Amino acid sequence: MARIMSFDFGTKRIGIAVTDPMKIIANGLTTIHPKDIVDFLKKYLMTEAVETFVVGEPKQMDGTDSQSAVHVRGFVNLLKKNFPEIPIEMMDERFTSKMASAAILQSGAKKKTRQDKALVDTVSATIILQSYMEKTSFF
């Protein structure tokens, strides 16, 4: 059974989350520098099957593209070029960073952990994936 993988793209870091093979649970996987993403994915896909990539789509409050949308489109094109067999779905990522920070705070994490931007990006990718799974009725 194949997993679903999601990305919270940023120009400094990409948060990555995946489902379990049964597609029941979304788990944070890692955070990686954008220049390393293709090599990381090639290695990952050698051992794990991924059926869909879900990419967070940056939107403003009125639903229009945010400033970072151009970078996300470039990232999507990079995925399409290197992994043409894996379909890509876009998922609204508004508020995911705030939700991630709130979830980390509620977990009782120490201040130093709460300030870890890589952790916030990984949790954001998990929230994007969870939202996608809810939208597509995997539950």
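Counting restarts for each chain, with residues numbered from 1 along the sequence as it is written. The predicted nature of this model means local features are confined to residues of pLDDT at least 70 and side-chain atom pairs, given and counted, to a pLDDT of 80 or more, with totals for whole chains, interfaces and linings taken over all residues. Computation of side-chain values covers all heavy atoms of the structure but excludes hydrogens and water.

Caption draft 1: Broad picture of the overall build of the protein. Per the secondary structure count, the protein includes 5 helices and 5 strands. In the protein, the succession of α and β elements from N to C terminus is β-β-β-α-β-α-β-α-α-α. Classification of residues uses two cut-offs on accessible area relative to the type maximum, computed with a 1.4 Å probe and protein chains only: under 20% is buried, over 50% is exposed, and between them is partly exposed. Per-residue burial for the protein yields a buried fraction of 41% across its 139 residues. What makes two residues a contact is simply this: any of their non-hydrogen atoms within 4.5 Å. Here the contacts in the protein between residues at least 6 apart in sequence split such that 62% fall between residues at least 24 apart. Using a 1.4 Å probe, accessible areas were evaluated by the Shrake-Rupley method; residue-level cover was limited to the displayed protein chains. As displayed, the protein has an accessible area near 7,900 Å², and 55% of this comes from carbon and sulfur atoms. In this description a helix means any DSSP run of H or I spanning at least four residues, a strand means any run of E spanning at least two, and both kinds are numbered starting from the N terminus.

Caption draft 2: Quick look at the nonpolar core. In this description, a nonpolar core means a group of buried Ala, Val, Leu, Ile, Met, Phe, Trp, Tyr and Cys residues linked to one another through side-chain atoms lying within 4.5 Å. In terms of nonpolar packing, the biggest core is built from 20 residues, with Met5, Phe7, Ile37 and Phe53 touching the most fellow members. Secondary-structure elements contributing two or more residues to this core are strand E1 (3-9), strand E2 (14-19), helix H1 (37-47), strand E4 (50-57) and helix H2 (69-82). Ranked by size, the runner-up nonpolar core spans 10 residues in total, among them Ala26, Ala125, Ile128 and Met133.

Caption draft 3: Fine view of the side chain of Asp20. Residue position: Asp20 is located in the loop between E2 and strand E3 (26-32). At 2.7 Å, the side chain of Asp20 forms a polar contact with the backbone nitrogen of Ile24. Sequence-distant contacts of Asp20, defined by excluding residues within four places in its chain, comprise Arg3, Ile25 and Asn27. In protein, a polar contact means a hydrogen-donor-capable atom and an acceptor-capable atom, both N or O and within 3.5 Å, with residues adjacent in sequence counting only if both atoms are side-chain atoms; elsewhere, any N or O pair within 3.5 Å suffices.

Caption draft 4: Representation of the sheet that holds E4 in the model. Two strands make a pair as long as DSSP finds a minimum of two bridges between them. One open sheet accounts for 5 strands, arranged E3-E2-E1-E4-E5; its pairing is mixed. Unpaired on one side and paired on the other, E3 and strand E5 (88-92) mark the two borders of the sheet. Along the sheet, successive strands turn relative to each other by an average axial angle of 25°, direction set aside. Pairing of E2 with E3 involves 6 bridges; the strand directions are antiparallel. Within E3, the residue paired with Thr19 across the bridge is Ala26. A fitted line through C-alpha atoms serves as each axis, taken over the contacting stretch for helices, and the angle formed by two N-to-C directions is quoted from 0 to 180°.

Caption draft 5: Quick peek at unusual backbone geometry. Positive phi, normally seen in glycine, also occurs at Lys23, with a value near 60°. Looking at Lys23, the relative accessible area reads 10%, which means it is buried.

Caption draft 6: Region of interest: the packing of aromatic side chains. Each pair of aromatic rings taken from Phe, Tyr and Trp, with Trp reduced to its six-membered ring, is defined by centres within 6.5 Å and is described as stacked if the planes are under 30 degrees apart, edge-to-face if over 60, and tilted in the remaining cases. Counting across every chain of the model gives 5 aromatic pairs. Their ring planes at 70° and their centres at 5.3 Å tell us that Phe7 and Phe53 sit as a pair that is edge-to-face. Of this pair, Phe7 sits in strand E1 while Phe53 is found in strand E4, placing the two residues 46 residues apart along the sequence. In this pair, the class of Phe7 matches that of Phe53, namely buried. Their ring planes at 75° and their centres at 5.2 Å tell us that Phe7 and Phe75 sit as a pair that is edge-to-face. Residue Phe7 is found in strand E1, and its partner Phe75 is found in helix H2; the two are separated by 68 residues along the sequence. Exposure remark for Phe7: the relative accessible area of 0% places this residue in the buried category. What makes Phe75 buried here is its relative accessible area of 3%. An aromatic cluster of at least three residues, connected via ring pairs, comprises Phe7, Phe9, Phe53, Phe75 and Phe83.

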